[in-house]
Amino acid sequence: TENTLAQPVGITLERYIMRKQAEFPYATGELSQLLRDIALAGKIVSREVNRAGLSRITGAMGEQNVQGEAQQKLDVEANIRFIRALTNGGECCAILSEENEDIIETGNPNGKYVVAMDPLDGSSNIDVNVSIGTIFSIYRRVSRVGGPSRKEDFLQGGRAQVAAGYILYGSSTMLVYTTGHGVTGFTYETSLGEFFLSHPDIKIPQQGPVFSCNEGHWFDYPEYVREFLTQCKQQRLSARYVGSLVADYHRNLFTGGIYMYPPTPKAALGKLRLLYECYPLAMLIEQAGGLAHTGAEPVLDVAPTSFHQRAPLFVGSTQLMTTLLDCVSSEALAS
Ligand code: P6P
């Protein structure tokens, strides 16, 4: 059922989840608990990210991190925090992380969900103080308790996701997610340690003034991408590219625009990962009224074959995506 009861801006994530729970009487609450666990890890990572610059000198100030270990690289630290929060929460039976080759069993045999995540994408941006993000994708577990390996749990395909979202560690920390009933945004108030509802129903504008891609790859791009970029420039669109996926995606979600990570001769499937980058961002954009495509098919229709497979990503406002896909088909016709 579409969520008709718009929740008042300013309520906490906790209260928002409880009210939504009431609207889904048969929901048993595990997914809500899972979202709480993700939000908790996000709060902890937000604190670490915002101290990162200091961590190099905290040693000099005699401080150690909680484990008293040498300061970890932030993406390693974030991975540990999300795995710990999901393990302690009890709802997640296994995790696929960008940081780990194989699946991580959480030791929650009765957990009804599995989570695929990029705990901290764009970590190369941390040392230069650029916004970074966590991306997550949630599936109901389909493997039987104590059953064979959980491979099948993670290779259900994009349209089997029950929830998806990201946490952006930017000028403020935001949690943006969907459970299939629209896209909701929460903003973190550090002095209170709470996420507050700030964007009850996010929709991407149908058209937008922005295109985002790494034009340094121009000579490697397919002809249809160059044709599309030329049209963007003829229309005097603005080039905006942070080089941090969650930051670029989030900005375009609000301004309208298109983000592209196209295939190149050296990377025939681009650079971004299907299961924990392209699928969740594609679910979000479709819920927000936009489109996500690989250039060959909608992202959510790509058949998953391996945990860390890549996929080209074109994602954003419907009108810009339609123009791009026209360039794809006219190139196909010409060839
Ligand atoms: P390029 C960061 O390394 C990342 O995975 C995304 O966050 C970002 O959008 C992309 O790669 C940047 O890649 O090739 O433009 O440097």
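Residues numbered from 1 in each chain as written. Predicted model: local features only at pLDDT ≥ 70, side-chain atom pairs only at ≥ 80, totals over all residues. Heavy atoms only, no water.

Caption draft 1: Looking closely at the sheet that holds strand 5 (residues 163-169). If you trace the 8 strands from one edge of the open sheet to the other, you get 2-1-3-4-5-6-7-8, paired in mixed fashion. This sheet does not close on itself; its edge strands, each paired only once, are strand 2 (104-105) and strand 8 (194-199). Here strand 1 (residues 92-97) runs beside strand 2; their pairing, made up of 2 bridges, is antiparallel. Counted as the bridge partner of alanine 94 is glutamate 105 from strand 2. The sheet contacts of helix 6 (residues 245-255) involve strand 3 (113-121), strand 4 (132-140), strand 5, strand 6 (173-178) and strand 8, and relative to strand 5 the element is tilted by about 105 degrees. The strands touched by helix 7 (residues 274-287) within the sheet are strand 1, strand 3, strand 4, strand 5, strand 6 and strand 7 (183-189), with strand 4 carrying the most contacts at an inclination of about 80 degrees. (Pairing = 2+ DSSP bridges. Helix = DSSP H or I, 4+ residues; strand = E, 2+ residues; numbered from the N terminus. Contact = heavy atoms within 4.5 Å. Axes fitted to C-alpha atoms, helices over the stretch in contact; angles between N-to-C directions.)

Caption draft 2: Structural view of the site of the ligand. In the vicinity of the ligand, the contacting residues are Asp121, Gly122, Asn214, His217, Tyr241, Gly243, Ser244, Leu245, Tyr259, Tyr261 and Lys271. Tyrosine 241 places a polar side-chain atom, nitrogen or oxygen, 2.7 Å from an oxygen atom of the ligand. Residue tyrosine 259 places a side-chain N or O atom 2.7 Å away from an oxygen atom belonging to the ligand. Contact with the protein chains covers 81% of the free accessible surface of the ligand, which is 400 Å². Looking at the shell around the ligand, its residues break down into 4 nonpolar, 5 polar and 2 charged. (Near = heavy atom within 4 Å. Polar contact = N/O pair within 3.5 Å; in protein donor to acceptor, adjacent residues only side chain to side chain. Areas by Shrake-Rupley, 256 points an atom, 1.4 Å probe, with all protein chains shown as cover. Nonpolar A, V, L, I, M, F, W, Y, C, P; charged D, E, K, R; others polar.)

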